[in-house]
Amino acid sequence: MTRPPALPDAAGYFGAYGGRYVPETLVAALDELEAAFERHHRAPAFAAELAELLTNYAGRPTPVYHARRLSQRLGGGQLYLKREDLAHTGAHKINNALGQGLLARVSGKRRVIAETGAGQHGVATATVCAMLGLDCVVYMGAEDVRRQALNVARMHTLGAEVISVTSGTQTLKDAINEALRDWVTNVETTFYLFGSATGPHPYPKIVREFQRVIGREARPQLADMCGGLPDAVVACVNGGSNAIGIFDAFIDDPGVELIGVEAGGRGPAPGDHAATLAHGAPGILHGSRSLLLQNDDGQVLGTHSVAAGLDYPGVGPEHAWLHETGRARYVAVDDAEAMRALRLLAQTEGIIAALESAHAVAHAARMAPDADPAQVILVNLSGRGDKDMETIAAHVDAGA
Amino acid sequence: MNRIDAAFAAAADARRLVLAPYTTVGFPTLAASLELALAYVDAGADMLEIGMPFSDPIADGPTVQAASQIALDGGVRLDDALSLIAQIRARTEIPLLLMGYANPFMRRGFGALVREAADAGADGLIVPDVLPEHAGGLEALGAELDLHVIRFAAPTTPTERLARIGEGARGFVYCVSVTGVTGSRPELAASLPAYLKRVGRAVRAPRMVGFGISTPEHLRRLRGLAEGAIVASALIDIVRANGARRGAAAAANHVRKLAAAR
């Protein structure tokens, strides 16, 4: 098989998706970021320092775990979990925060800003800034501040300033708007540590590079445990950083089915979900051309998901490309099904997943009964559920 | 000749700046945005920038964000922006520019949008999140219909890039006055004169300064440093402070003072 040319191309496109749709003020900073990334990320000193931090600070490699009781309960294929929930700070977000944090340091920028939805990227960024001695400001939608209060407390404890964003829908979309406005204003002194596989070029490329450690570890780990490649890899998708991080190692293996799971929310009506690949149209938001949940006049729609980290109306451009080419398939899981999967995993395996990751577990649980017992489904368990305990407890108490 | 080019030629002959007030379509209401635009024309505006609101205006500060939200809550659509331009065009020959973020224009289709804007009587298009490297098709369509697609410069733009921006610039180069978002500011940036001189050395097109330009004193200080100025948030703030009934007259009065200082 001939490998296609490496994507993104020099202008940051994956097919028709990606690019750099930003105000002129940010162009020089994005060029500088791209140059710093290309110069350093493979340089021996940088790579060695990142590898050392991933091992001794973040706790990598994270294990792959064979969920035997869950697989037995479902009666069919074997579920394996890539345990990103065991990484320091409780999610895959630390991988990218460490990589970009080191880039911030080599760039000489002392002030770091970040956006966060569920708070996991904000916590990871605040953590890395504390460890590297950088100032940290995190923008978070007021709605997310309310439902992820524990993560706000964690960021404060780590010395970060958390700015509650009250404009628009008061979720991740609006946090990114405010972070971009901050960056436009303070671009000469500030590093924007972007957390999702979206945004203007080169962010989708940088985030993928720093998240691909997930798949790079999982592939040989799984081969040791079951002698080969998985039949399917399942990950939750919103911006899509954990999904691209695990998909990347399997993209050139046509026998491995790649499945992204979006937030089906309350249902398919506009504003009730965040299933962009299912319901979106081509659009431009936050610096890249991708698919976008929008009305017929091009205004961005509100979203809903029980998982704050899946509550964004866009998706990373590489996922739009994988969707269009058919290399990956994308499905939706609604709030109730995600919550049921969270309880099933907790009660069969003793693992409380993040609500976001529970969407991936839910789809794997749909697939397993129809799979042969020899088939292997690898699920990226991208985060742990500690941050969601209030939401989970409310559902359990309500008898949901 | 495109009306934008004619306006700069006339201003150069009269040794004054081109003054372009901005108004958001549908702010405070659709009908009132027409009244505002016409009041600005009567008060001495040389050019108007007509802003299509967007749900996620990342280059805008709180004032334009609020005006956009009010307009969108009122149900404003892109068709309203085009028909507002047509109604203004029926009453004046000054240049009109349609401003908006990329997504609503892309949703319409850039080709359709350029044609409809030209048909409505617009002379230019301002899209702050489409860089020249992504605007090739848009600029070519605009050139066919004599609709200038405006390019931006910012204080952070390197000089070599400024020269490339200048090479294909039509109408004027929109010089963002500060590293920051839109919004009224009491003082011009201390670095503004040096920056505008740097743009002037690299770019032949007229320099239109925007972001933070608020007062007659600002305009007086821009004379000799630029060829024109765009005033947006300061006028929106006046409309909001004076309420629906007196807002238009108060904002037009400010435009009159700005025009006297240009």
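(A) Just the overall build of chain A, in detail. When you go through chain A residue by residue, the secondary structure sums to 16 helices and 14 strands. The C-alpha atoms of chain A give a radius of gyration of 19 Å, which matches the 21 Å a tight globule of 400 residues would have. Dimensions along the principal axes, computed over C-alpha positions, put chain A at roughly 55 × 45 × 45 Å. Here chain A, with 400 residues, has 64% of them falling under the buried criterion. Taking as baseline every contact in chain A between residues at least 6 positions apart, the subset at least 24 positions apart corresponds to 74%. Here chain A carries 34 positive and 45 negative side-chain charges, and the mean point of each set is 4 Å from the other.

(B) Here's a closer look at the overall build of chain B. Check the secondary structure of chain B and you find 11 helices and 9 strands. Taken over C-alpha atoms, the radius of gyration comes to 17 Å for chain B, in line with the 18 Å a tight globule of 262 residues would show. With the C-alpha coordinates of chain B rotated into their principal frame, the extents come out at 45 × 40 × 35 Å. Out of the 262 residues in chain B, the part that is buried amounts to 63%. For chain B, restricting intrachain contacts to residue pairs at least 6 apart in sequence, the fraction spanning at least 24 positions comes to 73%. Averaged over its 28 positive side-chain charges, chain B has a centre that lies 6 Å from the centre of its 26 negative ones.

(C) Expanded view of the interface of chain B and chain A. Each partner contributes to the interface: chain B provides 37 residues, whereas chain A provides 36 residues. Between the two partners, chain B and chain A, sit 5 salt bridges. At the boundary of chain B with chain A, the tally comes to 20 residue pairs in polar contact (both at pLDDT 80 or more). Secondary-structure elements contributing two or more residues to the side of chain B that touches chain A are helix 3 (62–73), helix 5 (102–108), strand 6 (151–153) and helix 8 (159–167) of chain B. Among the elements that take part in the side of chain B that touches chain A, helix 5 of chain B stands out by supplying 6 residues, more than any other. Looking at side-chain class alone, the side of chain B that touches chain A contains 22 nonpolar, 8 polar and 7 charged residues.

(D) Quick look at the sheet that holds strand 7 (residues 161–165) of chain A. Residues and elements named next belong to chain A. With parallel pairing, the 4 strands of this open sheet are ordered in space as 7-6-5-8. Each edge of the open sheet is held by one strand with a lone partner, namely strand 7 and strand 8 (190–192). Direction aside, neighbouring strands of the sheet carry axes that sit 25° apart on average. Bridge count for strand 5 (residues 111–116) against strand 8 is 3 bridges, and the pairing is parallel. The partner of I113 across the bridge, within strand 8, is Y192. Helix-sheet contacts for helix 8 (residues 172–186) involve strand 5, strand 6 (135–141), strand 7 and strand 8, and the interaxial angle to strand 5 is about 160°.

(E) A look at the pairing of strand 3 (residues 96–99) of chain B. All names here are of chain B. Here strand 3 shows a buried face lined by L96 and L98 and a second buried face lined by L97 and M99. Both strand 2 (residues 48–51) and strand 3 contribute to a ladder of 4 bridges, which runs parallel. Along strand 3, the bridge assignment pairs G51 with M99.

(F) Structural detail: the nonpolar core. Judged by nonpolar contacts, the single largest core of 163 residues is most densely connected at L48, L98 and F172 of chain B. When residues in this core are grouped by element, the largest group, 12 residues, is from helix 11 (residues 233–261) of chain B.

(G) Focus on helix 7 (residues 136–144) of chain B. Residues and elements named next belong to chain B. For helix 7, the set of buried residues is L138, E139 and G142. Projected onto a plane normal to the axis of helix 7, the buried residues spread over an arc of 95° and lie on a single side. Immediately beyond the C-terminal end of helix 7, within one or two residues, lies D146, with a positive phi of roughly 55°.

(H) Region of interest: the sheet that holds strand 2 of chain B. Residues and elements named next belong to chain B. The sheet built from 9 strands is open, its strands ordered 5-4-3-2-1-9-8-7-6 with parallel pairing. Among the strands making up the open sheet, the edge pair consists of strand 5 (148–149) and strand 6. In this sheet, strand 9 (residues 228–231) lies alongside strand 1 (residues 18–24) in parallel orientation, the contact comprising 4 bridges. Note that in strand 9 the partner of P21 across the bridge is V231. Packed onto the sheet, helix 11 meets strand 1 and strand 9 and runs at close to 170° relative to strand 1.

(I) Quick look at the side chain of D248 of chain A. Mapped onto the secondary structure, D248 of chain A falls in the loop between helix 11 (241–247) and strand 10 (257–265). In this structure D248 of chain A comes out as buried when scored by relative accessible area, which is 17%.

(J) Main features of the pairing of strand 9 of chain B. All names here are of chain B. The side-chain alternation of strand 9 yields two buried faces, one formed by G228 and I230 and the other by A229 and V231. The sheet contact formed by strand 8 (residues 207–210) and strand 9 spans 2 bridges and is parallel. Along strand 9, the bridge assignment pairs V209 with A229. Read as a crossover between parallel neighbours, the route from strand 8 over helix 10 (residues 216–222) to strand 9 is right-handed.

(K) Just the pattern of salt bridges, in detail. Taken as a whole, this structure holds 41 salt bridges over all chains when the rule is applied. A salt bridge links E257 of chain A to R329 of chain A, with the shortest nitrogen-to-oxygen separation between them at 2.9 Å. Taken together, the positions of E257 of chain A in strand 10 and R329 of chain A in strand 13 (residues 328–334) put the pair 72 residues apart, joining distant regions of the chain. Classification of E257 of chain A as partly exposed rests on a relative accessible area of 30%. For R366 of chain A, the salt bridge goes to E337 of chain A, with nearest N and O atoms at 2.8 Å. In this pair, R366 of chain A is assigned in helix 15 (residues 355–367) and E337 of chain A in helix 14 (residues 335–349), connecting sequence segments 29 residues apart. Members of the salt-bridge network, linked through shared partners, are D296 and D297 of chain A together with R77, D79, R108 and E116 of chain B.

(L) Molecular detail of the packing of helix 1 (residues 27–40) of chain A against helix 9 (residues 203–211) of chain A. All names here are of chain A. One can describe the packing of helix 1 onto helix 9 by two numbers: an axis separation of 11 Å at closest approach and a directional angle of 30°. By the angle between their directions, the pair helix 1 and helix 9 is classed as roughly parallel. Both helix 1 and helix 9 take part in a crossing whose hand is left-handed. Every residue of helix 9 that contacts helix 1 at L30, L33, F37 and E38 is listed here: Y203, K205, I206, E209 and F210.

(M) Fine view of the packing of aromatic side chains. Counted by the stated rule, this structure contains 11 aromatic pairs over all chains. Centre to centre, the rings of W183 of chain A and Y203 of chain A are 6.3 Å apart; their planes meet at 65°, and the pair counts as edge-to-face. Linking W183 of chain A in helix 8 with Y203 of chain A in helix 9, this pair joins segments that are 20 residues apart in sequence. Each ring, one from Y174 of chain B and one from F211 of chain B, has its centre 6.0 Å from the other, and the planes form 85°; the classification is edge-to-face. Taken as a pair, Y174 of chain B in strand 7 (residues 173–176) and F211 of chain B in the loop between strand 8 and helix 10 lie far apart in primary sequence, 37 residues in all. Taken individually, Y174 of chain B and F211 of chain B each receive the classification buried, so the pair is uniform in this respect.

(N) Structural detail: helix 1 of chain A. Between its terminal C-alpha atoms helix 1 of chain A stretches 20 Å, which fits the 20 Å expected from 14 residues at 1.5 Å a residue. Taken as a whole, helix 1 of chain A has its buried residues at V27, A29, L30, L33, E34, A36, F37 and H40 of chain A.

Parameters at a glance
- Every chain is numbered independently, its residues counted from 1 as its sequence is written.
- Numbering of ligands from 1 and lettering of chains from A proceed in the order in which they are written.
- Where totals are concerned, whole chains, interfaces and linings use all residues; where local detail is concerned, this predicted model gives features only for residues with pLDDT of at least 70, and gives and counts side-chain atom pairs only at 80 or more.
- Just so you know, side-chain values use all the structure's heavy atoms and leave hydrogens and water out.
- Secondary structure is summarised from DSSP: a helix means a run of H or I of at least four residues, a strand means a run of E of at least two, and numbering begins at the N terminus for each.
- All radius of gyration figures rest on C-alpha atoms, and the globule criterion is 2.2 Å times the number of residues raised to 0.38.
- Throughout, exposure labels follow a simple rule: accessible area from a 1.4 Å probe, protein chains only, divided by the maximum for the residue type, with under 20% read as buried, over 50% as exposed, and the rest as partly exposed.
- Between two residues, a contact is recorded if the distance between any of their heavy atoms is within 4.5 Å.
- For the purpose of counting charges, residues Lys and Arg are taken to be positive, whereas Asp and Glu are taken to be negative. His and the chain ends are not included.
- Here the site of a charge means NZ on Lys, CZ on Arg, CG on Asp, or CD on Glu.
- The rule for a salt bridge is simple: a side-chain nitrogen of Lys or Arg has to be within 4 Å of a carboxyl oxygen of Asp or Glu.
- Side-chain atoms alone can form a polar contact between residues adjacent in sequence; in general such a contact is a pair of N or O atoms within 3.5 Å, and within protein one must be able to donate a hydrogen while the other accepts it.
- Think of it as three bins: nonpolar holds Ala, Val, Leu, Ile, Met, Phe, Trp, Tyr, Cys and Pro, charged holds Asp, Glu, Lys and Arg, and polar takes everything else, Gly as well.
- Strands pair, by our definition, only if DSSP identifies at least two bridges between them.
- Lines are fitted to the C-alpha atoms to define the axes, a helix being fitted only along its stretch in contact, and any angle between axes, read from their N-to-C directions, falls within 0 to 180 degrees.
- Within this scheme, the nonpolar core is defined by two criteria: the residues are buried Ala, Val, Leu, Ile, Met, Phe, Trp, Tyr or Cys, and they are joined through side-chain atoms within 4.5 Å.
- What the arc measures is the spread of directions leading from the helix axis to the C-beta atoms.
- Throughout, right-handed denotes a crossover for which the path from the first strand over the helix to the second runs clockwise when the strands point away from the viewer.
- Angles are sorted into four bins: roughly parallel if under 35 degrees, roughly antiparallel if over 145, roughly perpendicular if 65 to 115, and oblique for all others.
- In a left-handed crossing the near helix is turned counterclockwise from the far helix by less than a right angle, and in a right-handed crossing that turn is clockwise.
- Pairing of aromatic side chains requires ring centres within 6.5 Å, counting the rings of Phe and Tyr and the six-membered ring of Trp. Pairs whose planes differ by under 30 degrees are stacked, by over 60 edge-to-face, and all others tilted.
- Expected span, for any helix, means 1.5 Å times one less than how many residues it has.

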